[in-house]
Amino acid sequence: MQVYFETPKAQLNQWRKHIRFLTLVTVGFFISSTLFAQISGVVSNEKNEPLPGVSITIKGTTKGTVTNNDGKFSISAANTETLIFSYIGYKTQEIALNSKSKIEVTLLEDQSALNEVVVVGYGTQKKVDLTGSVARVNLEVREGAPNTNIAQFMQGAVPGLNVGVATNSGGTPPIAIRGQTTLGGNRNVLIILDGIQYNGSLSSINPIDIASIDVLKDASSTAVYGAQAANGVILITSKKGGYDKKTTVSFTSAYTIQNPTVGAALKPYNREQFLTALAEGFYDQAYLAPNYTEKNPNFDVRRVVDATMATPNRTELLPNDYNWADEATNTGSIIENNLSISGGSGKAQYLLSGSFVDQKGYIINDIFKRNTVRANLEIRPLNWLKFGLVSSGSFVNQDGAEPSFGVLNITSPLLVPYDANGNVIPNPTNTVVPNPFNTYFVDDKDRNNYLFANVFADVDIPFIKGLNYRMNFGNNGRNSERYTSSQFEGNLTGRVSKRLQNYYDYTFDNILNYTKTFGKNEISSTLLYGAIERKFNETFVEGVGFSRLNLSFNELGNADVRNASSTSNRQALAYQMARVNYKYDNKYLLTATIRRDGFSGFAKNNKSAIFPTFALGWIASEEAFIKNISAIDFLKFRVGYGIAGNQTPAFSSLALVGVNQSYIFGNGGATAFGQQVNSLGNDNLKWERTAGLNVGVEFGLFKSRLSGTLEYYNNQTYDLLFSVPLPNLTGFGNIQSNVGQLSNKGIEATINYDVFRGQNFKWNTSFNVWGNANKIVKLTGADNNKDGIEDDIVATGTGGLYIGRSINTIFDHQADGIYQLNEERLPGFQLGGYRVVDQNGDKDITALDRAFLGTLEPKFRMSWQNNFTYKQFSLNVFFNSIQGGKDGYLGNNTRTYFRDDNAIRNNDLVGVDYWSPSNPDGKYARVITGTRSKVEPILYEKRNFIRLQDVTFSYELPSNILKKIKADRINFYVSGKNLLTFTKFEGWDPETGQGMITDGRPVLRGYTGGLMLTF
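1. A closer look at the sheet that holds strand 5 (residues 82–86)
Part 1 of the reasoning: The antiparallel open sheet is built from 4 strands, whose spatial order is 3-2-5-6. Taken across any chain shown, the strands that pair with only one partner, and hence form the sheet edges, are strand 3 (64–66) and strand 6 (93–96). Strand-to-strand twist in this sheet, taken as the mean axis angle between neighbours without regard to direction, amounts to 20°.
Part 2 of the reasoning: Note that strand 5 and strand 6 share 4 bridges and pair antiparallel. What sits directly across from Thr82, in strand 6, is Ala96.

Structure (structure tokens):
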């Protein structure tokens, strides 16, 4: 008997699903076993030594691993994937798996850091071949910082490069390289932009357009620029396109807010604080004698307040509590937007960019607006011929005038700036002290247009291999308009002025380069012939006395009194230079340079001068006996010596003629114009000369994980340019001459260390420290007192020059606290005034009691950069510090309250700790006697500080997301600037050196958010 079972339809479908599932699983398992596998292997170097900690990632993903201590690794990957092997000090290598399950990888040492090409004078050179002191600013780690001026990127970035701070919008901070080497010569650092001397303001350069900044510090590296490079050279190179490069569009945008780093510590007093401080100023009436610590119940502040701040007969104080600080300040801001397009074909490359910056400072009307355009173009019609244009235009608008910040801080809160009708009260105190808003409510036009262009031709001579000719024709131009119109000037009759300036210079360079390699020898030589011409014109007109100013600065013709003046000057320079670089066997280096400079500013006997330099280098790590030391990857020694020049300020060696109106002919005759010689010429004035020695060592250790540079320099300057005082009987005050000798020495060190280099997390740190000391060796040679010792040039404070001491030595009376109640005082000194140290013990204070107290110069500077990355996140933290040691880096931090009519009118700053009988430990003097002390010393205070200067946190979108949206880069960031300052110096800021003064300006703390897009 047969039995048949009929399967229901639903059950049949279920079985089909199971079968399909099992089939998919089987196929999937087969595919996965075919396409994905556990890849293992070992990574070693060329010496077959295993490399631990090598980062291994699957290309196009964030998945990866690292090698263990034996150089071994294991990772799951598809057999069609590509693995990327990266390790510090070695070249990154990509290996396609191609179904391999075991691989052995040998990484090659990466000399890219050494082979990095840096910009040197009139060309480029591999870093490994340098014999001079050249350093590059790391712009990448400063990316995102709120810096509108390119100089701010250089602050603390390079040892020996000293960059200060700017306290106004768009301002350029002071810049110096390796200390002061002159007394009366040129002190400016030479700026080279794209191969041409740049004489415009650094505020006109758009930082986002800059590709690199290289700093030349010693005579060997600066020699090619001659006497104009006496104070070092900063080489700025702008970005360019690229041949056979796709078109790239980049856009960046950022917004910054800024406020003072001092916060409320130096705000002016409000009403209550002002009246309390006024009572303290009259402590002899507000408190009871003899100790003046118990309040006098009969004291009434209305009796001592200035009459302008009370009703008639002083029955009531004015009810105002006006906050002048709030009205005259605001939160600063910076808006930045930049757009660039770059790329190229086989015959041409281009970069076009435009940017807009709008900065509003902390003080109202401190405004800086900059529009910048750039066009960098290059064409290559033939393989041996290139033409190009590097050009930019910057249009700066700084319209608007600030209120007087110093007057703002001393104006009483009981006073107001406007009357009942809303009109400005010109003099609220009925004295010569103006309303701080007098300088604000004016018409002010301040425009500067900067134009720069370098047209060049570059020819590789076809029939002589290695020979190249380049012609540069560079141009700098500036047009400035400064118009002002104020109803408050001219004794309130109104004043209008127009100042027009025009500057232009051209540089024409002919450069011949030749390079050749034969056997183990490499030689390159450079010949230069060039000329520079500079022209400047200024016209100034003003009018005083107007019935009305409806037409602002366009109604000069209506003035009661009109004045006009103009000036013009022209300078010319011509120069020749020859340089030879020689390398043998990749070990031994030689650089020799000679330059001849001519300058129209010198008189006839010394129009030109010649300056030679010579430098040697030894790449010791290429020697066999060092190659066997596994810890040393790179070691180079170099030494250079040469003579650098410095030129006199224009026309200072010539006898100058001026115009006066001192001639009157006849009784009652009209005053006639005449001319007279205003200064003596010096036909024998010579070029200042600095003999400089530079010794350096560069090293890379432990697979280049630790690297650095150590430098020592010794510069001796002779024939110092100096304006020597003349006896009055000559009819002239001084004459530009050559005198004495100045010594300038220093050390510099940079240490870079890769603290951690993992698969996802990396930490690199860099530490810089540098110190400088100068000393006057000789001066004029005069010995007027016939003591057999050359005379110093003595002056109180920092104006003197002293043999054997630094230029900025302080020679002054020494403060020693404050005289207290019932304390015996030296003759001529007041209660509550500063004591002065009686240096000679004669119970009197005279000029003989002055002493050497220290110097304004710091002993050393430091900076510390830390870069952290974790996957797509990065954090950059930068500290900057200046230290004065025992008696260096001193600043004037004097403040004294002297009771008089001004004192009872003037406001003061919160935080000023004045002395009084009830506050005997007060820091600053308070004198109420009506007579000033015989000598009022300056309080010199150490300005040492450590500043958390820059912090940037950013996130970069990963490559897999970028591919989907067809972008090359998208980066979001936030950053902070001047976040924390650790110092004992009281005042606006230790770096500016402005202590507890009312007219100081604060350094600003900034917070920024921004993004960077590249497609």
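2. Considerations on the environment of Ser497
Part 1 of the reasoning: On the secondary structure map, Ser497 appears in strand 26 (residues 495–518).
Part 2 of the reasoning: Setting aside residues no more than four positions away along its own chain, Ser497 makes contact with Arg482, Tyr483, Thr484, Phe540, Val541, Glu542 and Phe553.
Part 3 of the reasoning: In terms of polar contacts, Ser497 uses its side chain to reach the side chain of Thr484, at 2.8 Å.

3. Examining the pairing of strand 8 (residues 117–120)
Part 1 of the reasoning: Judged from the 4 bridges that link them, strand 8 and strand 9 (residues 123–126) form a sheet pairing that is antiparallel. Its bridge partner lying in strand 9, Val117 is registered against Lys126.
Part 2 of the reasoning: With antiparallel pairing between neighbouring strands as the criterion, strand 8 and strand 9 make up a hairpin whose turn holds 2 residues, including Tyr122 at a positive phi of roughly 55°.

4. Topic: unusual backbone geometry
Part 1 of the reasoning: A cis amide bond links Ala289 with the next residue in sequence, Pro290, at an omega value of 5°.
Part 2 of the reasoning: The residue Pro290 is located in the loop between strand 18 (287–288) and strand 19 (294–295) in this model.
Part 3 of the reasoning: Residue Tyr122 is not a glycine yet carries a positive backbone phi of 55°.
Part 4 of the reasoning: Within the element layout of this structure, Tyr122 appears in the loop between strand 8 and strand 9.
Part 5 of the reasoning: Phi is positive for Ser704, close to 60°, though the residue is something other than glycine.
Part 6 of the reasoning: Summarising the element assignment, Ser704 is placed in the loop between strand 34 (688–701) and strand 35 (706–725).
Part 7 of the reasoning: Accessibility expressed as a relative area gives 28% for Ser704, which makes it partly exposed.

Here is what the cut-offs are and how they apply
- Residues numbered from 1 in each chain as written.
- Predicted model: local features only at pLDDT ≥ 70, side-chain atom pairs only at ≥ 80, totals over all residues.
- Heavy atoms only, no water.
- Pairing = 2+ DSSP bridges.
- Helix = DSSP H or I, 4+ residues; strand = E, 2+ residues; numbered from the N terminus.
- Axes fitted to C-alpha atoms, helices over the stretch in contact; angles between N-to-C directions.
- Contact = heavy atoms within 4.5 Å.
- Polar contact = N/O pair within 3.5 Å; in protein donor to acceptor, adjacent residues only side chain to side chain.
- Buried < 20%, exposed > 50% of the residue type's maximum accessible area, 1.4 Å probe, protein only.

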